Amino acid sequence: MSEALVAVETAGTDTSVPAVSGARQFWRRLRAQRAALVAAAVVALLVLVALAAPLLTAVEGQDPTTYHPSLIDSARGGVPIGSFGGIGPDHWLGIEPQTGRDMFARLVYGARVSLGVSLGATLVQVVLGVAMGVAAGLGNRWVDLILSRVTDLFISMPLMIMALALLAVVPDSFPRPVLVALIISLVSGWATTATMVRAQTLALKNLDYVAASRLSGWSTWRTAVRELLPGLAAPVITYAALLVPQNISAEAALSFLGVGVKPPTPSWGQMLTSADVWYQAAPQYLLLPALALFVTVFAMTVLGDGVRVALDPRAASRLRIGTGRKREARAETAVPKPESRAETAVAETAVPKKGDPA
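Residues numbered from 1 in each chain as written. Predicted model: local features only at pLDDT ≥ 70, side-chain atom pairs only at ≥ 80, totals over all residues. Heavy atoms only, no water.

A look at the packing of aromatic side chains
Quick note on the threshold: Working definition: a ring pair exists when centres of Phe, Tyr or Trp rings (six-membered ring for Trp) sit within 6.5 Å. Plane angles under 30 degrees give stacked, over 60 give edge-to-face, the rest tilted. For helices the rule is a DSSP run of H or I covering at least 4 residues; for strands it is a run of E covering at least 2, with both sets numbered from the N terminus onward. Classification of residues uses two cut-offs on accessible area relative to the type maximum, computed with a 1.4 Å probe and protein chains only: under 20% is buried, over 50% is exposed, and between them is partly exposed.
This model, assessed by the stated rule, comprises three aromatic pairs. Ring centres of Trp92 and Phe104 lie 5.0 Å apart, and the angle between their planes is 55 degrees; on these two criteria the pair is classed as tilted. In this pair, Trp92 sits in the loop between strand 2 (79-80) and helix 5 (103-138) while Phe104 sits in helix 5, placing the two residues 12 residues apart along the sequence. Judged by its relative accessible area of 14%, Phe104 is buried. An angle of 10 degrees between the planes, with centres 5.9 Å apart, marks the rings of Phe294 and Phe298 as stacked.

Now the structure itself:
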């Protein structure tokens, strides 16, 4: 019996196989999903293009606001001269009908607006939603009731109507991309985030370590920062990854309705608004921003689903393409657990060997 206890203690303190950290487990599960890796590469490329927009347009030798009236056929209503919308060495993706502005420059600068507005709105949604959700979950009954009713009020607000009302009263001197990001985040997005965080907080605050911190005299702020926020990190990151494509679509819809970013600042939704009458004469004017929006939203959605599965391995992926379930299962079983080594040691010492006295 003493030999068995020694074997268990030795197996429990063996450090020959180090425990896999949470970050390594997350990366291993994410790497097992090929579709998520491809989506992450696409998103990284889009962000790089948006950041390097001035450099890319300088290499092309164009800018997004200069008119080129000599490159359009005014007799045909402003159709670009040349094949495929005027594509050439000076204009890599052609020119815009009726104005002659460079399409490549407007696309890459439009990526800055669309991605910047969506990421800024997501940041505001997460910060405000986490603050309201944690306050409602940790507060008393009246605090929870008031904050929950305020959250329900903002959830029921229609985005488009509130956007029209706010844009009508805000002066034109206020930066329009910042205004659009605030409208998207404050009208609808933060409320759903707060509802999710409140539900998670109510579930976490009943756990032993959170209850012990509150009983020991910790303040609500210290309990939230030290005990609750680490447990909320996984669902909040997952939800934020899924909010980005929704915000991109919302910005495009606002710009398409004419209440978003104003010309001459380029935006993908604004380009779609101007292209609705040119889909026959100059189809690339409609297809290019539509394709950019589709690729961005689809890549963000696939990446968000991959992050959700990597953070919660019990959750099944909603996208069956390239999830690599067999690779993920092999990765999970590659490192033996310390408990299994201890149980093996106990089993080996408990079974008498041949020739040992009974």
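Anyway, onward from the coordinates.
Points about the nonpolar core
Under the convention used in this document: Take the buried Ala, Val, Leu, Ile, Met, Phe, Trp, Tyr and Cys residues and link them wherever side-chain atoms come within 4.5 Å; each set so joined is a nonpolar core. By definition in these notes, contact holds between two residues if any of their heavy atoms fall within 4.5 Å.
With 26 residues, the main nonpolar core has Leu115, Ile248, Trp268, Tyr285, Leu293 and Met300 as its most contacted residues. For this core, the secondary structure elements donating two or more residues are helix 3 (34-51), helix 5, helix 10 (220-256), helix 11 (268-274) and helix 12 (283-311). Tallying contributions element by element places helix 12 first for this core, with eight residues. Apart from the residues lying within four places of it in its own chain, the contact partners of Ile248 are Ser114, Leu115, Ser118, Leu293, Thr296, Val297 and Met300. Within the second largest apolar cluster, 17 residues are counted, among which are Val117, Val180, Ala250 and Leu254.

So, the pattern of salt bridges
Formally: Salt bridge, as used here: a side-chain nitrogen of Lys or Arg that lies within 4 Å of a carboxyl oxygen of Asp or Glu.
For the structure shown, the criterion picks out five salt bridges. A salt bridge links Glu96 to Arg101, with the shortest nitrogen-to-oxygen separation between them at 2.7 Å. The class for Glu96 is buried, based on a relative accessible area of 3%. If you follow the salt bridges from partner to partner, you end up with Glu96, Arg101 and Arg106 in one network.

With respect to a nonpolar patch on the surface
What counts is decided by this rule: Patch membership requires over 30% relative accessible area and the absence of a salt bridge. Like charges are linked within 9 Å, and nonpolar side chains (Val, Leu, Ile, Met, Phe, Trp, Tyr) within 5 Å. What sets the accessible areas is the Shrake-Rupley method with a 1.4 Å probe; for residues, cover comes only from the shown protein chains.
A contiguous nonpolar patch, built from Leu291, Phe294, Val295 and Phe298 and spanning about 410 Å² of accessible area, is present on the exposed surface. Among the secondary structure elements, Leu291 is positioned in helix 12.

A word on the environment of Asp63
Selection criterion: Under this definition, polar contacts are N or O atom pairs within 3.5 Å; protein pairs additionally need one hydrogen-donor-capable and one acceptor-capable atom, and for neighbouring residues in sequence, both atoms have to be side-chain atoms.
Inspection of the secondary structure puts Asp63 in the loop between helix 4 (53-60) and strand 1 (72-73). You can call Asp63 partly exposed: its relative accessible area is 28%. In this structure, the C-alpha to C-alpha distance between Asp63 and Ala105, residues 42 residues apart in sequence, is 5.6 Å. For Asp63, the residues in contact, after removing those within four places along its chain, are Asp102 and Ala105. Side-chain polar atoms of Asp63 contact the side chain of Thr66, separated by 2.5 Å.

Topic: helix 10
Basically, it comes down to this: Any helix carries an expected span of 1.5 Å times its number of residues minus one. A residue's bend is the angle separating two fitted axes: one through the seven residues that end there, the other through the seven that start there.
For helix 10, which comprises 37 residues, the first-to-last C-alpha distance of 44 Å sits more than 12% below the rise-based estimate of 54 Å (1.5 Å per residue). Where helix 10 bends most, at Leu228, the angle is about 50 degrees, and the proline Pro230 comes one to four residues later. Remark: Gly258 follows helix 10 within two positions and exhibits a positive phi of approximately 85 degrees.

Comments concerning the confidence of the model for the protein
Where we set the bar: Each residue gets a pLDDT score, which is the predictor's confidence in that residue and runs from 0 to 100.
With 81% of its residues at a pLDDT of 70 or more, the protein has an overall mean of 78. Counting interchain partners and residues more than four positions distant, the pLDDT-below-50 stretch residues 1-20 has 14 contacts. Per-residue pLDDT stays below 50 along residues 334-351; that stretch engages in 14 contacts with residues further than four places along the chain or on separate chains.

Observations concerning unusual backbone geometry
Here the phi dihedral of Gln98 falls at roughly 75 degrees; this positive angle occurs in a residue that is not glycine. Assignment of secondary structure puts Gln98 in the loop between strand 2 and helix 5. Residue class for Gln98 comes out exposed when judged on its relative accessible area of 52%.

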